Amino acid sequence: KRSSIKAEIDVDYAEILSKIQYDTRFYIENFLYVKTKTQEILPFKLRRAQDYIVSAIEKLRAEEKLIRLIILKCRQAGSSSICGGILFHSTATTPFTNSLIVSDDTESSSYLLSMSDAFYDYLPEFLQPLKRISNAKELVFENHNARERLKKPGLRSSMKIDTANNLESPGRSFTVHCLHCSEVTRWKKPDETMLGLLQSVPDTPTSIVIIESTARGASGWFYDTYKKAEKEENSYTPLFIPWFWVPEYKMRLLPDFKLSDEELEYRDFIERVWGETLTDEQIYWRRYIIVD
């Protein structure tokens with residue numbers, strides 16, 4: 001029996017199995033669970049930024065274009081979590097899929113992979129692929145029983161991690177079908193590292209490349225690649241995730257709070273460009289972050 005944390009599912013299994021491989025949104029929202037900041041395990045319901053990323057992938061698939069995203073993001077928007085969910089979906093449903101997560105350090109990479117362990121643990125049993133290896137560096141979907149492996153091999157898919165500072169990256173030695181590069185602005189040698197990684201990804205309809213980072217100065221590989229994407233000078237689709245999409249980014253006002261001229265101008269700019277009106281609580285949070 002499923003544990004109480006897993007919702008009971010009363011549907012046609014055959015219908016689900018025919019849908020999950022191609023519908024990333026359906027798979028994530030119906031079958032994945034995530035750890036929350038409030039120390040709970042809850043169903044993966046897409047936040048605004050996450051929905052934005054999934055919608056971009058759906059659009060590219062509908063247009064039969066390669067999925068190549070470069071994401072300039074704010075912090076705590078959930079972009080890393082949804083990238084993990086996207087890679088896990090492909091790896092856990094499609095045979096012979098090699099997925100690779102590359103971050104700026106070992107701790108970050110391991111954390112990103114650990115989300116996949118949680119995804120797997122809370123999947124309904126009929127959707128759990130055979131699992132042979134699960135540790136801090138890789139997750140392999142294959143029959144753990146060597147004697148049965150030839151008759152019932154499993155998906156033979158895998159998720160691995162590496163750090164950008166390890167120039168002997170696994171991405172240089174094997175084909176990568178799904179690649180997630182995190183916090184690229186913090187990589188020491190992004191030009192060299194990305195060259196090796198991107199050459200390992202084939203231009204196939206099922207391949208995925210997601211490059212994401214917070215901003216860190218108006219220069220470098222990430223900055224240049226993002227600006228070229230905005231001008232449609234490369235194959236990437238640029239996505240910008242602003243800070244005011246994060247619901248938690250607001251603060252209780254002090255009694256004497258008053259918007260400065262710069263803040264009034266900024267709020268008008270956001271309303272004109274984005275069509276959104278920032279609240280005083282959001283503006284006050286922005287002021288606090290800038291000062292602090």
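Only a predicted model underlies this, so the values are computations on that prediction, with no experimental measurement involved. Along each chain, residues carry numbers from 1 onward, in the same order as the chain's sequence is written. Only residues with pLDDT of 70 or above have their local features reported here, since the model is predicted, and side-chain atom pairs are shown and tallied only from 80 upward, although totals for entire chains, interfaces and linings are computed over all residues. Side-chain measures here rest on the full set of heavy atoms in the structure, leaving out hydrogens and waters.

We count a salt bridge whenever a side-chain nitrogen from Lys or Arg sits within 4 Å of a carboxyl oxygen from Asp or Glu. Counted by the stated rule, this structure contains 17 salt bridges. The partner of E63 in a salt bridge is K59, with the nearest N and O atoms 2.7 Å apart. For K73, the salt bridge goes to E183, with nearest N and O atoms at 3.6 Å. Of this pair, K73 sits in strand β3 (residues 67-73) while E183 is found in the loop between β8 (178-182) and α6 (190-199), placing the two residues 110 residues apart along the sequence. The two residues K73 and E183 agree in class, both being buried. One connected set of salt bridges, linked through shared partners, spans R25, D51 and E58. Counting from the N terminus, the helices are the DSSP runs of H or I reaching at least four residues and the strands are the DSSP runs of E reaching at least two. Per-residue accessibility, obtained with a 1.4 Å probe over protein chains only, is compared with the maximum for each type, and a residue is labelled buried under 20%, exposed over 50%, and partly exposed between these values.

Here the focus is the nonpolar core. Where a protein is soluble and globular, its nonpolar side chains tend to be buried together. One finds L69 and F88 to be the most contacted residues of the largest nonpolar core, which totals 57 residues. Working rule for contacts: check all heavy atoms of both residues, and any pair within 4.5 Å makes them a contact. Excluding anything up to four places from it in sequence, F88 contacts Y27, L32, S116, F119, Y120, L123, L139, F141 and M159. To form a nonpolar core, buried Ala, Val, Leu, Ile, Met, Phe, Trp, Tyr and Cys residues must be joined to one another through side-chain atoms within 4.5 Å. Counting 20 residues, the second-largest nonpolar core is a separate cluster that includes A164, M194, V201 and F222.

We now examine unusual backbone geometry. You will see that E64, though not glycine, has its phi angle at about 55°, which is positive. Structurally, E64 is set in the loop between α3 (48-62) and β3. Taking relative accessible area as the criterion, E64 reaches 74% and is therefore assigned exposed. With phi around 60°, E232 is a residue other than glycine that occupies positive phi space. Note that E232 resides in the loop between α7 (221-230) and β10 (237-241). Taking relative accessible area as the criterion, E232 reaches 71% and is therefore assigned exposed.

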